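Below, each chain spelled out in residue letters.
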Amino acid sequence: MTQGPLTTEAGAPVADNQNSETAGVGGPVLVQDQLLLEKLAHFNRERIPERVVHARGAGAYGTFTVTADVTRYTRAKFLSEVGKETEVFLRFSTVAGNLGAPDAVRDPRGFALKFYTEEGNYDLVGNNTPVFFIRDAIKFPDFIHTQKRDPYTGSQEADNVFDFWGLSPESTHQVTWLFGDRGIPASYRHMDGFGSHTFQWNNEAGEVFWVKYHFKTDQGIKNLTAEEAEILAGKDPDSHQRDLRESIERGDFPSWTVYVQVMPAAEAATYRFNPFDLTKVWPHADYPLIEFGKLELNRNPENIFAEVEQSIFSPAHFVPGIGPSPDKMLQGRLFGYGDAHRYRVGINADQLPVNRPHATEARTHSRDGYLYDGRHKGAKNYEPNSFGGPTETGRPLWQPIAVTGVTRETVTPVHTEDNDFVQAGNLYRLMTEEEKERLVKNLANAISGVTRDEIAARAINNFRQADEDFGKRLEAAVQALRG
């Protein structure tokens, strides 16, 4: 089906798109050939900086449907009634790999979800693990530097990875998870998602609850062994992206049942674990899962660059009834993500089609900058004004948090059962014998690549403190591999 003549970016019809203009037959190319210059200049600029982390990703649109009444906990309108549907966009990703890296690798998976609600976009930027390697954002750049390519060798180095983890014992829980059976999902469809952080819900009465989100895959958990992943990553680097796209194309829409753990605010101070520590979970026996929604993905993006690469997610994008917690990692991410988008995509990234609100409109006094589209027309760009401009509501999105003490650099508060190893040990002891064997094998293969004995010994000792049997078996396996 014809769509009319090919044109330049300015809309003029193109007479010849096969041959550049020259000074005579066989002569030099002329600078007046604006189509040639336009095409080359655009080609040089058709990529934006890839994400420093989560560069390798895939995404899809879908719907979130409320399945249970949670209005006693939150006043968020998109959660206000059973059966209510909200359009969403979900981006999956690996963390450490660059844009061309394979999908089937041992790495956490990003699980970034954008709800296009009538009160603005709500972004829930999580992972496929309920915990993380560190609990304070000030350590994040250092951590990521150990996972990326070494500035001297140009490769990921086991020395860097396990040096940092060994010197950061709070990582033991997440590392145990990562090197276990769920460290390499078989596809994006066959893994769970988590908000990971603790967030605030507040209801119409102003009552505050701390919550954690869980997305349980309806397809069932499926994972790859290290050997299976090594083969698949070489044969089909795009395995996870292809699986997601093709499943939606054939109408096999992936879905997740959505749960929340709810802690009344008054219980946080005396809970046995620090509820705002990202390296810890809330045991379900203490705070059971409450089902409240269904997430389904049912539409593929039409253009990967426009809708996946240029999509942005920020934990700072809240809506009324939902807010942050004192989680120090979350607090750092509230700044870090938005700043990354402003650098990578531009100051008007929030107004690109995939990112702008779909169920309402953004009404701001911000103007101009890269890619500004003139959407405000002649409206005034200040407030207060006498020309009918948008005004403040006077009602914050979340409830205030009481604080005391002096300003200084502080460690995360420790609760009665807090230490860096207890939950890693609990996770190990929940595993079957076969799962323990695979965990030890995976870790031993990785640690055996460390060149300095003291780094390897320190890393192993963290797992020994989590569980004596865990450490003993790991030490023996590493020694066997290192000769």
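Data block above holds the structure.
Cut-off values and rules
- Residues numbered from 1 in each chain as written.
- Predicted model: local features only at pLDDT ≥ 70, side-chain atom pairs only at ≥ 80, totals over all residues.
- Heavy atoms only, no water.
- Helix = DSSP H or I, 4+ residues; strand = E, 2+ residues; numbered from the N terminus.
- Rg over C-alpha atoms; globule rule 2.2 N^0.38 Å.
- Buried < 20%, exposed > 50% of the residue type's maximum accessible area, 1.4 Å probe, protein only.
- Areas by Shrake-Rupley, 256 points an atom, 1.4 Å probe, with all protein chains shown as cover.
- Lys, Arg positive; Asp, Glu negative; His and termini not counted.
- Charge placed at Lys NZ, Arg CZ, Asp CG, Glu CD.
- Core = buried A, V, L, I, M, F, W, Y, C linked by side-chain atoms within 4.5 Å.
- Pairing = 2+ DSSP bridges.

Attention now moves to the overall build of the protein. Tallying secondary structure elements over the protein gives 12 helices and 10 strands in all. Relative to the compact-globule value of 23 Å for 483 residues, the protein shows a C-alpha radius of gyration of 25 Å, a close match. The principal-axis extent of the C-alpha atoms belonging to the protein is close to 80 × 65 × 50 Å. Relative to its full complement of 483 residues, the protein shows a buried share of 47%. When the accessible surface of the protein is split by element, carbon and sulfur atoms take 53% of a total near 24100 Å². Separation between the mean location of the 52 positive side-chain charges and that of the 67 negative ones in the protein comes to 1 Å.

With that out of the way, let us pick up unusual backbone geometry. Of note, the amide linkage connecting E383 to P384 takes the cis form, showing an omega dihedral of 5°. Checked against the element boundaries, P384 lands in the loop between α8 (328-344) and α9 (422-430). The backbone of S196 shows a phi angle near 65°, a positive value even though the residue is not glycine. With phi around 55°, K377 is a residue other than glycine that occupies positive phi space. Residue placement: K377 occurs in the loop between α8 and α9. For K377, a relative accessible area of 76% translates into the label exposed.

Core analysis: the largest hydrophobic core is formed by 38 residues, its most contacted members being W201 and Y213. If you look at the next biggest cluster of nonpolar residues, it comprises 34 residues, including F143, F164, F179 and A444.

A few words on the pairing of strand β9 (residues 290-299). Bridging between strand β1 (residues 57-66) and β9 involves six bridges; their strand directions are antiparallel. Counterpart to F64 in the pairing with β9 is L295.

Worth remembering: the numbers are spatial, not functional.
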